[in-house]
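# An overview of the molecular structure
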There are 2 protein chains.
Amino acid sequence: MPHIALPKGLPGISSGFAFRPETAAPMRELAHILLHEPGSLSPGERELIATYVSSQNDCFFCQTSHGAAAAAHQAGDWTLVDQVRADPQTAGVSDKLKSLLTIAGKVQQGGKHVTPDDIAHARSFGATDLEIHDTVLIAAAFCMYNRYVDGLATWQPEDPNLYAAMGERLAAHGYRTPSIKA
Amino acid sequence: MPHIALPKGLPGISSGFAFRPETAAPMRELAHILLHEPGSLSPGERELIATYVSSQNDCFFCQTSHGAAAAAHQAGDWTLVDQVRADPQTAGVSDKLKSLLTIAGKVQQGGKHVTPDDIAHARSFGATDLEIHDTVLIAAAFCMYNRYVDGLATWQPEDPNLYAAMGERLAAHGYRTPSIKA
């Protein structure tokens with residue numbers, strides 16, 4: 001049961017967003033820019049970073065919804081998502097993305113865990129400053145979203161079909177408008 | 001030295017904001033709503049929550065700049081800031097704020113650390129659902145801001161006068177516009 005009187009029937013972060021639309025707007029906007037707008041990292045790659053950090057933070061709602069969005073970018077295939085959650089370094093992703101997932105994992109533990117060697121390693125695979133910046137910020141932002149979702153004890157349904165549909169909508173339309181209707 | 005080529009001469013988060021204005025806008029907006037807009041918790045109380053979480057995350061720039069903003073709301077007196085950083089439960093703040101700082105400290109460790117008893121305790125001192133929501137989100141958001149600042153290895157000067165001036169500006173004007181000029 002949620003810790004406060006959140007609107008019923010809205011899963012995960014949607015219930016916090018509906019409770020406090022003022023803070024929802026910038027939180028949606030930030031996710032939209034980081035995960036959905038065009039960039040040199042594909043939206044699918046960025047969703048994998050978000051999913052990985054959410055799984056390290058043990059947030060079921062976030063890792064499942066963003067996992068579904070990442071899968072939707074792979075025609076519904078969860079293989080990469082499951083591999084990245086299990087171990088990014090043996091997943092079937094590029095060396096560059098592996099090096100960025102290492103940085104994201106360090107940020108999840110705390111910003112000071114990121115070392116110059118981590119950065120040099122990512123650069124050796126062609127990572128740009130903007131890609132490194134956005135990786136750090138995606139990881140940092142999901143340390144917020146995950147804590148918001150679990151810190152309010154939001155309702156997190158388990159129905160895979162719900163997440164698959166949510167992932168399709170997020171992959172297609174992004175985060176500016178609600179992906180779940182009450 | 002920062003991990004990426006951030007604009008020089010801008011301390012802490014200001015350099016990340018200048019590097020990526022697109023993500024800066026919603027990050028500034030969120031801080032402005034959570035810390036500066038009118039609410040039943042005073043801006044000074046909310047700055048203390050932000051300072052406490054930043055100190056638990058060992059982020060020098062954030063705990064010093066928001067500590068300075070909290071002090072500015074106390075006519076420049078750092079007593080409460082130092083007490084809250086040392087131990088919120090013995091600080092000279094209200095029982096309600098102590099109970100909210102307990103929740104914030106739990107969120108800093110991870111969202112699932114917050115218990116129904118923590119919430120009931122805060123409610124027993126009159127905390128509302130909105131105050132609990134905003135406490136959870138302030139704590140969650142500073143887990144983002146702190147990681148962003150340290151994950152990029154931003155320049156964090158030590159001059160107390162710089163932070164005092166920044167705190168005055170933040171306390172007076174909030175977070176929508178830059179508090180530091182290049």
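Just above, that's the structure.
Description of the structure in this document.

So, how was this worked out
- Residues numbered from 1 in each chain as written.
- Chains lettered and ligands numbered in written order.
- Predicted model: local features only at pLDDT ≥ 70, side-chain atom pairs only at ≥ 80, totals over all residues.
- Heavy atoms only, no water.
- Least-squares fit on C-alpha atoms with pLDDT ≥ 70 in both.
- Contact = heavy atoms within 4.5 Å.
- Helix = DSSP H or I, 4+ residues; strand = E, 2+ residues; numbered from the N terminus.
- Buried < 20%, exposed > 50% of the residue type's maximum accessible area, 1.4 Å probe, protein only.
- Buried area = accessible area lost by both parts, 1.4 Å probe.
- Salt bridge = Lys/Arg side-chain N within 4 Å of Asp/Glu carboxyl O.
- Nonpolar A, V, L, I, M, F, W, Y, C, P; charged D, E, K, R; others polar.
- Core = buried A, V, L, I, M, F, W, Y, C linked by side-chain atoms within 4.5 Å.
- Axes fitted to C-alpha atoms, helices over the stretch in contact; angles between N-to-C directions.
- Parallel < 35°, antiparallel > 145°, perpendicular 65-115°, else oblique.
- Left-handed = near helix turned anticlockwise from the far one by under 90°.
- Phe/Tyr/Trp six-rings, centres within 6.5 Å; stacked < 30°, edge-to-face > 60°.
- Arc of directions from axis to C-beta.

Here chain B sits on chain A after a turn of 180° about the axis and a move of 0.0 Å along it, with an RMSD of 0.0 Å. These values place the two chain copies in the arrangement generated by a two-fold rotation axis. Residues of chain B ranked by C-alpha distance from the rotation axis are headed by Pro 26 of chain B, positioned 2.3 Å from it. Most of the interface of chain B is mirrored in chain A, where 100% of its interface residues again form contacts.

A word on the environment of Thr 102 of chain A. Residues and elements named next belong to chain A. Tracing the backbone shows Thr 102 in helix 6 (residues 95-109). What makes Thr 102 partly exposed here is its relative accessible area of 27%. Expressed as a C-alpha distance, the spacing of Thr 102 and Thr 135, which sit 33 residues apart in the sequence, is 9.8 Å. In this structure, Thr 102 is in contact with Gln 89 and Asp 118, ignoring residues within four places of it in sequence.

Here we come to the interface of chain B and chain A. On the chain A side, the residues contacting the 43 residues of chain B number 43 residues. Regarding the contact of chain B and chain A, the summed buried area is about 3,500 Å², with carbon and sulfur atoms giving 69% of it. The largest share of the area that chain B buries against chain A comes from His 3, His 133 and Arg 147 of chain B, three residues that together contribute 20% of it. At the boundary of chain B and chain A, one finds six salt bridges. The shortest N-O distance in the salt bridge between Arg 20 of chain B and Asp 134 of chain A comes to 2.7 Å. Sorting the residues of the side of chain B that touches chain A by element identifies helix 1 (13-19), helix 2 (21-36), helix 6 (95-109), helix 7 (116-124) and helix 8 (129-151) of chain B as the ones contributing at least two each. Along the lines of polarity and charge, the residues of the side of chain B that touches chain A split into 23 nonpolar, 10 polar and 10 charged.

This brings us to the pattern of salt bridges. By the definition in use, this model includes 20 salt bridges over all chains. Salt-bridge contacts for Glu 22 of chain A lead to Arg 20 of chain A; the nearest nitrogen and oxygen are separated by 3.3 Å. By relative accessible area, which is 41% here, Glu 22 of chain A ends up partly exposed. The partner of Glu 29 of chain A in a salt bridge is Arg 176 of chain A, with the nearest N and O atoms 2.6 Å apart. One end of the pair, Glu 29 of chain A, is in helix 2 (residues 21-36); the other, Arg 176 of chain A, is in the segment after helix 9 (160-173), with 147 residues separating them in the sequence. Sharing partners across several salt bridges, the network here consists of Arg 20 and Glu 22 of chain A together with Asp 134 of chain B.

Let's shift gears to the nonpolar core. The nonpolar side chains of a soluble globular protein tend to be buried, and buried together. Of all hydrophobic cores here, the largest spans 112 residues; its most connected members are Leu 30, Met 144 and Tyr 145 of chain A together with Leu 30, Met 144 and Tyr 145 of chain B. Apart from the residues lying within four places of it in its own chain, the contact partners of Leu 30 of chain B are Thr 23, Pro 26, Met 27 and Met 144 of chain A together with Leu 137, Ala 141, Met 144 and Tyr 145 of chain B.

Attention now goes to the packing of helix 4 (residues 60-72) of chain B against helix 9 (residues 160-173) of chain B. For any two helices packed against each other, one specifies the crossing angle of their axes together with the interaxial distance. All names here are of chain B. At a closest axis distance of 7 Å, the pairing of helix 4 and helix 9 adopts a crossing angle of 60°. Our classification of the angle between helix 4 and helix 9 gives oblique. Two packed elements cross with a definite hand, and for helix 4 against helix 9 that hand is right-handed. Across the interface between the two elements, Phe 60, Phe 61, Thr 64, Ser 65, Ala 68, Ala 69 and Ala 72 of helix 4 pack against Tyr 163, Ala 164, Met 166, Gly 167, Glu 168, Leu 170 and Ala 171 of helix 9. The residue inventory of the contact of helix 4 with helix 9, partitioned by class, reads 10 nonpolar, three polar and one charged.

Let us now look at the packing of aromatic side chains. Residues and elements named next belong to chain A. Evaluated as defined, the whole model comprises eight aromatic pairs over all chains. Summarising the aromatic geometry, the rings of Phe 60 and Tyr 163 are spaced 5.8 Å apart at their centres and angled 85° between planes, so their arrangement reads as edge-to-face. Of this pair, Phe 60 sits in helix 4 (residues 60-72) while Tyr 163 sits in helix 9, placing them 103 residues apart in sequence. In this structure Phe 60 comes out as partly exposed when scored by relative accessible area, which is 35%. Taken together, the ring pairs in this structure connect Phe 60, Phe 61 and Tyr 163 into an aromatic cluster.

What follows concerns helix 7 of chain B. Residues and elements named next belong to chain B. Among all positions in helix 7, only Asp 118, Ile 119 and Ala 122 are buried. Buried positions in helix 7, seen along its axis, are confined to an arc of 95° and lie on one side of it. More than 90 degrees from the buried face of helix 7, the exposed residues found are Pro 116, Asp 117 and Ser 124. The secondary structure elements touched by the buried residues of helix 7 are helix 6 and helix 8.

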